[in-house]
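Coordinates in review
Given next are the chains, with one letter for each unit.
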Amino acid sequence: MLEKVDLTKKVSKEEYKAKMPQLEARLGRLQRECKSLGIPVLIVFEGFGAAGKGLQIGRLIQSMDPRGFEVHTIKNETEEERMHPFMWRFWTKTPARGRIAVFDGSWYRRVLIDRFEKRTKNKELPAVFHSINSFEEQLADDGNLVIKLFLDIDRKEQKKRFEKLEKNKETAWRVSQGDRERNARYDEYAAMMEDMLFQTDTDYAPWTIIESMDRRFATLKIYTTVIKAMADQIEKVQRQKEKKAAGRDEKAEDRQASEDGLIREIAKAADDEMRELQVSILSKADLTLSYTREEYKEKLDGLQKKIQKLHGELYRRRIPVVLGFEGWDAGGKGGAIKRLTEKMDARGYVVNPTASPNDIEKAHHYLWRFWRAMPKDGHVAIFDRTWYGRVMVERIEGFCTTEEWKRAYKEINDMEKDLYDAGAIVTKFWMHIDKDEQERRFKERQENPEKQWKITDEDWRNREKWDQYEDAVNEMLMRTSTDYAPWVVVEGNDKYYARVKVLQTVVDAIEERLKEK
């Protein structure tokens, strides 16, 4: 790709001055329109050292309202960032809807500078490229506009610019030993850049090569590229809005046309037949499993002592753990989490209760709030309800589109693979009870003043959709139970048995990882 680039392109001072005012005005208008439509924008600047990334970023943002963007300079990982999964520091910097994030350097550092300096091993590259493409695809699918600009200069020009910077005491610090090394081995580093461009040039996040030998030409091309991408995205979003509005009219007509109920009856019959044919993982659970109180106390005591010891070993060996708890209302999530953490050092774990997203969380990709809560190395993150709400409650209650929840299976699997690749133990529990047991527990909560806060009208309403939720759970378990992040169905009609199974599963997972280490 790079060998085909014509680096001789130039723009005269007169042409530059004639075109820039119009481009600046357009960019300002488009920023306001993106804000109005709630379009989040990521603008990534990558390329050769001394190609002018900082200068061009400064030039670009001059035309924007500073209240609507943030610039992120990506250098070596901090200690805190090193103790999290690779993509954590980038997920936490993704913009809210209607805002712009500009990246001076980016997640591509892992496959460029880190690869050149052998901090990223060749055997790690496939997983890293997969994480990068998955990250960008998930953002694009969620309505983010990802603009990637690669600033290109040749070896001779780069060396000349380095020498100019080094002659001035005020700018000499900007040329590092790494910069000199990459210039000395320019062809080797350029080959790595070629590979990066080839591996990550996608329809949802394409690269644009910016010929940067002439800075005026580069500025014009950057402005033009950003303007076109933003204008195209705005047009796309407007078309979607129009289509959605038209779709509502069509649905109204469909309902009118099917007043006789025939279509609805056919659809319901097909749904019923599909339910009978689908594999039910939950139906295989033996809900008669139980322990006596004496058996429970003995097993609980032994397992909690093991977890107390293993928790310290996790910290010593810097192994992160992610535990997700889902299940029926009154399924025993809270009780299991309480017994799991009773003997753990409170400084080394966090329990994250997941409620409906707030306004800030709604303004981001649905996985954003979970990425922010992922543990650093040696710590444990426990989620009382999880990212799987996307394919359960949001799916059933219509809080997301069919397209959104269907693609969520892959998005979730990719996120959990990133956690696993970063060294995390990832295990998910489905706390399973039958409908009769749930009703018994609901009534018990209503009659106990100390537990009435646990039961709401919504809990009772959800029971009416039990079959729909059961179908969704079975599909979720089937599509997202992997060898790196397995689901464990916990037979929960007997609370004693359920709590012991959770603790035993966690102990087994940690001990297995420690053997590998």
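Refer to the structure presented above.
Now for a description of the structure that goes with this document.

Reading the values: rules and limits
Residues numbered from 1 in each chain as written. Predicted model: local features only at pLDDT ≥ 70, side-chain atom pairs only at ≥ 80, totals over all residues. Heavy atoms only, no water. Pairing = 2+ DSSP bridges. Helix = DSSP H or I, 4+ residues; strand = E, 2+ residues; numbered from the N terminus. Axes fitted to C-alpha atoms, helices over the stretch in contact; angles between N-to-C directions. Contact = heavy atoms within 4.5 Å. Core = buried A, V, L, I, M, F, W, Y, C linked by side-chain atoms within 4.5 Å. Buried < 20%, exposed > 50% of the residue type's maximum accessible area, 1.4 Å probe, protein only. Lys, Arg positive; Asp, Glu negative; His and termini not counted. Salt bridge = Lys/Arg side-chain N within 4 Å of Asp/Glu carboxyl O. Polar contact = N/O pair within 3.5 Å; in protein donor to acceptor, adjacent residues only side chain to side chain. Expected span 1.5 Å × (residues − 1). Arc of directions from axis to C-beta. Left-handed = near helix turned anticlockwise from the far one by under 90°. Nonpolar A, V, L, I, M, F, W, Y, C, P; charged D, E, K, R; others polar.

Looking at the sheet that holds strand β9 (residues 425-432)
In spatial order, the strands read β7-β8-β6-β9-β10; together these 5 strands make up an open sheet with parallel pairing. In this open sheet, the two strands that pair with only one neighbour each are β7 (349-353) and β10 (487-491). Put simply, the sheet's adjacent strands are angled 20 degrees from each other on average, direction ignored. Pairing of strand β6 (residues 321-327) with β9 involves 7 bridges; the strand directions are parallel. The partner of Val321 across the bridge, within β9, is Ile425. Here helix α13 (residues 333-341) sits on the sheet in contact with β6, β7, β8 (380-384) and β9, set at roughly 155 degrees to β6.

Examining the nonpolar core
For soluble globular proteins, the rule of thumb is that nonpolar side chains tend to be buried together. Grouped together as the largest cluster of nonpolar side chains are 111 residues, with contacts concentrated most on Ile43, Trp107, Met374, Trp387 and Trp430. At 11 residues, helix α10 (residues 215-257) tops the list of elements feeding residues into this core. Beyond its immediate stretch of four places on either side in the chain, Trp387 contacts Val322, Tyr366, Leu367, Phe370, Met374, Ile412, Met415 and Glu416. Grouped together as the second largest cluster of nonpolar side chains are 30 residues, Leu314, Ile382, Ile425 and Met431 included.

Focus on the side chain of Asp214
Its place among the elements puts Asp214 in the loop between β5 (207-211) and α10. With no salt bridge to any partner, buried Asp214 finds its closest opposite charge in Arg216, at an N-O distance of 4.5 Å. Here the side chain of Asp214 touches Phe217 through a polar contact of 2.8 Å, landing on its backbone nitrogen. When sequence neighbours within four positions are dropped, the list of residues in contact with Asp214 reads Lys9, Lys10 and Val11.

Some remarks on helix α9 (residues 186-200)
Taking 1.5 Å as the rise per residue, α9 with 15 residues should run 21 Å; its terminal C-alpha atoms sit 21 Å apart, in good agreement. When we look at burial in α9, the residues that qualify are Tyr186, Tyr189, Ala190, Met192, Met193, Met196, Leu197 and Thr200. Down the axis of α9, the smallest arc covering the buried residues is 155 degrees, so these residues share one side. Within α9, the exposed residues directed more than 90 degrees away from the buried face are Asp187 and Phe198.

Let's talk about the packing of helix α6 (residues 125-141) against helix α17 (residues 402-421)
Look at α6 against α17: their axes get within 10 Å of each other, and the N-to-C directions meet at 145 degrees. The two elements α6 and α17 cross, and the hand of that crossing is left-handed. When α6 is examined against α17, the residues Ala127, His130, Ser131, Ser134, Glu137, Gln138 and Asp141 are found in contact with a partner set consisting of Arg407, Lys410, Glu411, Asp414, Asp418 and Asp421. Class assignment for the residues of the contact of α6 with α17 results in 1 nonpolar, 4 polar and 8 charged.

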